[in-house]
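Chains, contacts and geometry: an overview
This is what each chain is made of:
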Amino acid sequence: KESSAASDVYKRQGLVFLVISCPCALVISVPLGYFGGIGAASRAGILFKGGNYLDAITRVNTVAFDKTGTLTEGHPTVAGWLWAQPQEGHYKDILLAAELKSEHPLAGAIVTALQEQENIVPATLDGFESITGKGIKVTYQGAEYWAGSHKLLKDYHATLTDVLGEMLAQYESDGCSIVYFGRKDELLAIVAIKDQIKATSAEAVRELRTQGIEVYMLTGDGERTASAVAGRLGNIQYIADALPDDKEEFVRQLQLQRKTVAMVGDGINDSQALACADVSIAMGKGTDIAMDVAMVTLMTSDLLLLPKAFNLSRQTVRLIHQNLFWAFIYNLIGIPIAAGLLYPINGLLLNPMLASAAMAFSSVSVVLNSLRLRY
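The model shown is predicted, which means the values in this text are computed figures rather than measured ones.

**Some words on the overall build of the protein**
- In terms of helices and strands, the protein carries 16 helices and 13 strands.
- Burial statistics for the protein: of 375 residues in total, 48% are counted as buried.
- In the protein, 66% of the contacts between residues at least 6 apart in sequence involve partners at least 24 apart.
- Roughly 18,300 Å² of accessible area belongs to the protein as shown, and the carbon and sulfur atoms make up 55% of that amount.

Following this line, the structure appears as structure tokens:
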């Protein structure tokens, strides 16, 4: 009888040990944390492509922003025209035809401004070519015309008069982007284009700095325009005259300095930098290629979502650590007791029902802790 009773005790304690050592809470602690974080982010308008990106963003200490459409509204309008040559109607016809073929946001502003004027009809062009990061060039009746940044102006060796230079400086100091229009080595006109800085951009930059994150602005605009915009954002560091290759190279240089870089952009010109950054973040209203490359997408134009994404990622990782704690603590305490650690001391043997309740409660603790991210 004693042998049979002892056998029953051993069987019961074996069952208790099996129940207590069940790793169910440990198994669900990490995925539940990521699911909670991704769900909370999506409700806030932040889409993560996977839980691993929630973890990756917590290590970011440097953020590089594209300017147009990211820090600015992305709805540029023409602020002024400066004509270097007499305004002949067919010049505007050629410029309208050229910009209609361009996909750049600034081209849309020029097209809208020209279409609002009377008697301007797109010319029939003989050829069109897009020059990455610089602008466009077209041929019309045997002559070559071009429109783009001051890098294109230099490529064609076109000269800028002192009078135009002074007027241009005023537009650049106001933060306007500049498009030059010319024929061969002759400058025909300068177009100043204004794109308002988003109302939340400066506040988002302040919050990122508060979190200890360095902030840079990368733009294809000239030095004066970039400096003016950077000043309004809180004197952030910036890189002017940046081509797509320059943006990518700058991100790589930051990485060589052992910085973990997040790139934020919305256009085709940003795709190279987005692809090489440690964390790539796209604006939801940007191009499809930017969103396809990006690990994280902000579904609205509100840049305050960015510091919220950093905060949420840190909360998610902290919550996962808490889940792991609750999963381990029950096992660390319960397994020795189930193995009979207290039996020689006070004759305590754990009841199988209590063991089941304890392990169920450990899973419930992990689930309830994960649900806290909803609030």
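That shown, we press on.
**Describing the sheet that holds strand S10 (residues 237-239)**
- Taken in spatial order, the seven strands of this open sheet run S1-S13-S12-S11-S2-S9-S10, and their pairing is mixed. Looking at strand neighbours, the two that pair on one side only are strand S1 (46-48) and S10, the edges of this open sheet. Along the sheet, successive strands turn relative to each other by an average axial angle of 20 degrees, direction set aside.
- For strand S11 (residues 261-265) and strand S12 (residues 279-283), the ladder comprises four bridges, and the chain directions are parallel. When the bridges of S12 are listed, Gly265 appears paired with Ala282.

**With respect to the packing of aromatic side chains**
- Counted by the stated rule, this structure contains four aromatic pairs.
- For the pair Trp81 and Trp83, a centre-to-centre distance of 6.2 Å together with 10 degrees between the ring planes defines the contact as stacked.
- Trp83 gets classed as buried once you look at its relative accessible area, which sits at 15%.
- With 5.2 Å between their ring centres and 70 degrees between their planes, Tyr216 and Phe250 make a pair best called edge-to-face.

What counts, and where the lines are drawn
- Residues numbered from 1 in each chain as written.
- Predicted model: local features only at pLDDT ≥ 70, side-chain atom pairs only at ≥ 80, totals over all residues.
- Heavy atoms only, no water.
- Helix = DSSP H or I, 4+ residues; strand = E, 2+ residues; numbered from the N terminus.
- Buried < 20%, exposed > 50% of the residue type's maximum accessible area, 1.4 Å probe, protein only.
- Contact = heavy atoms within 4.5 Å.
- Areas by Shrake-Rupley, 256 points an atom, 1.4 Å probe, with all protein chains shown as cover.
- Pairing = 2+ DSSP bridges.
- Axes fitted to C-alpha atoms, helices over the stretch in contact; angles between N-to-C directions.
- Phe/Tyr/Trp six-rings, centres within 6.5 Å; stacked < 30°, edge-to-face > 60°.

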